[in-house]
Amino acid sequence: MTIKGTVLYYTPEKTERTAKLKAVFVRQGLRIRNVGKDELGETVGYLAGIRGYEPFRPASAKAQEEAAGEGAGENGEISEINKIGEIPEEVLVMKGFTSRQIDDLLLGIRKAGLPKIALKAIITDQNAGWTFYHLYEEIKKEHEAMSQARE
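Below is a short write-up of the structure. (Residues numbered from 1 in each chain as written. Predicted model: local features only at pLDDT ≥ 70, side-chain atom pairs only at ≥ 80, totals over all residues. Heavy atoms only, no water.)

**Some thoughts on a positive patch on the surface**
The criterion, for reference: Without a salt bridge and with relative accessible area above 30%, a residue can belong to a patch; like charges are then joined within 9 Å and nonpolar side chains (Val, Leu, Ile, Met, Phe, Trp, Tyr) within 5 Å. The method behind every accessible area is Shrake-Rupley, applied with a 1.4 Å probe, and residues are considered shielded solely by the protein chains displayed. Whenever a carboxyl oxygen of Asp or Glu lies within 4 Å of a side-chain nitrogen of Lys or Arg, that contact is scored as a salt bridge. For the purpose of counting charges, residues Lys and Arg are taken to be positive, whereas Asp and Glu are taken to be negative. His and the chain ends are not included. Each charge is placed at NZ for Lys, CZ for Arg, CG for Asp and CD for Glu. In this description a helix means any DSSP run of H or I spanning at least four residues, a strand means any run of E spanning at least two, and both kinds are numbered starting from the N terminus.
Taken together, the side chains of Arg 110, Lys 111, Lys 116, Lys 120 and Arg 150 present a region of like positive charge at the surface. Mapped onto the fold, Arg 110 is located in helix α4 (residues 99–111).

**Describing the packing of aromatic side chains**
Using the following cut-off: Two rings belonging to Phe, Tyr or Trp (six-membered ring only in the last case) form a pair when the distance between their centres is within 6.5 Å. Interplanar angles under 30 degrees mark stacking, angles over 60 mark edge-to-face geometry, and anything in between is tilted. Exposure is judged per residue with a 1.4 Å probe applied to protein chains only, and the accessible area is read against the type maximum: over 50% gives exposed, under 20% gives buried, and values in between give partly exposed.
In total, this model carries three aromatic pairs according to the counting rule given. Between the aromatic rings of Tyr 9 and Phe 25, the centroid separation amounts to 5.8 Å while the plane-to-plane angle is 70°, which identifies the pairing as edge-to-face. A residue pair is termed long-range when its members are at least 10 positions apart, and Tyr 9 in strand β1 (residues 5–10) and Phe 25 in helix α1 (residues 16–27) qualify at 16 residues. Taking the centre distance of 6.4 Å and the plane angle of 50° together, the rings of Tyr 10 and Phe 132 count as tilted. In this pair, Tyr 10 is assigned in strand β1 and Phe 132 in helix α5 (residues 132–150), connecting sequence segments 122 residues apart. Taken as a pair, Tyr 10 and Phe 132 share a single burial class, namely buried.

**Details of the pairing of strand β2 (residues 30–34)**
What counts, and what does not: Two strands pair under a simple rule: DSSP has to find at least two bridges between them. Whether a crossover is right-handed depends on one test, that the path from the first strand over the helix to the second runs clockwise when the strands point away from the viewer.
With five bridges joining them, β1 and β2 adopt parallel strand pairing. From the neighbouring strand, Val 7 faces β2, where its bridge partner is Ile 32. For the segment spanning β1, α1 and β2, crossover handedness is right-handed.

**Some points on the pattern of salt bridges**
Under the defined criterion, the tally for this structure stands at eight salt bridges. Lys 37 is paired through a salt bridge with Glu 86; the nearest N and O atoms lie 4.0 Å apart. Of this pair, Lys 37 sits in the loop between β2 and α2 (44–47) while Glu 86 sits in the loop between α3 (61–68) and β3 (91–95); the two residues are 49 residues apart in sequence, bridging distant segments of the chain. Its relative accessible area of 45% is what places Lys 37 among the partly exposed residues. Assessed through its relative accessible area of 56%, Glu 86 is described here as exposed. Salt bridges sharing partners connect three or more residues here, namely Glu 89, Lys 140 and Glu 144.

**Focus: the sheet that holds strand β4 (residues 119–122)**
Rules: Note on geometry: axes are lines fitted to C-alpha atoms, helical ones only across the stretch in contact, with angles between N-to-C directions running from 0 to 180 degrees. Between two residues, a contact is recorded if the distance between any of their heavy atoms is within 4.5 Å.
An order of β2-β1-β3-β4 is seen for the four strands of this open sheet, with the pairing classed as mixed. Among the strands making up the open sheet, the edge pair consists of β2 and β4. For this sheet, the mean angle separating the axes of adjacent strands, direction not counted, is 20°. Pairing analysis gives four bridges linking β3 to β4, with the strands arranged parallel. Paired with Leu 92 across the bridge in β4 is Lys 120. Its contacts with the sheet put α4 on β1, β2, β3 and β4, and the angle it makes with β3 is roughly 150°. Helix-sheet contacts for α5 involve β1, β3 and β4, and the interaxial angle to β4 is about 115°.

Okay, structure coming up:
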């Protein structure tokens, strides 16, 4: 079977639902890249295996201290990598999908009797350079705005 695309999949905890969802991915011929909590500061491009994106290399403790002091923003803000929190819900990010493949995947999830994945996105040239956590924040904002517009 030819690999049709790649999914970056994050879940805060592995459940029976996780196993069923991954079975849907496999049936669809998708490459699965599980994103761990320790990878939330990596770029989406790196996680998806896009050429030109390198893994994040944590700064030394001294460099982090300097970033918190002299290199901080006006309000003492430090770099995004130091502001990463937990992601409490599952996130699905797709790479290399056609619109038909997206439809097939969503139908496969529904046919498996699984609830929809609320937070999902396609990798673009713009968001490939974002950290996974930043992409999550953006998807979350968009989802909340769309949900409010429907009400």
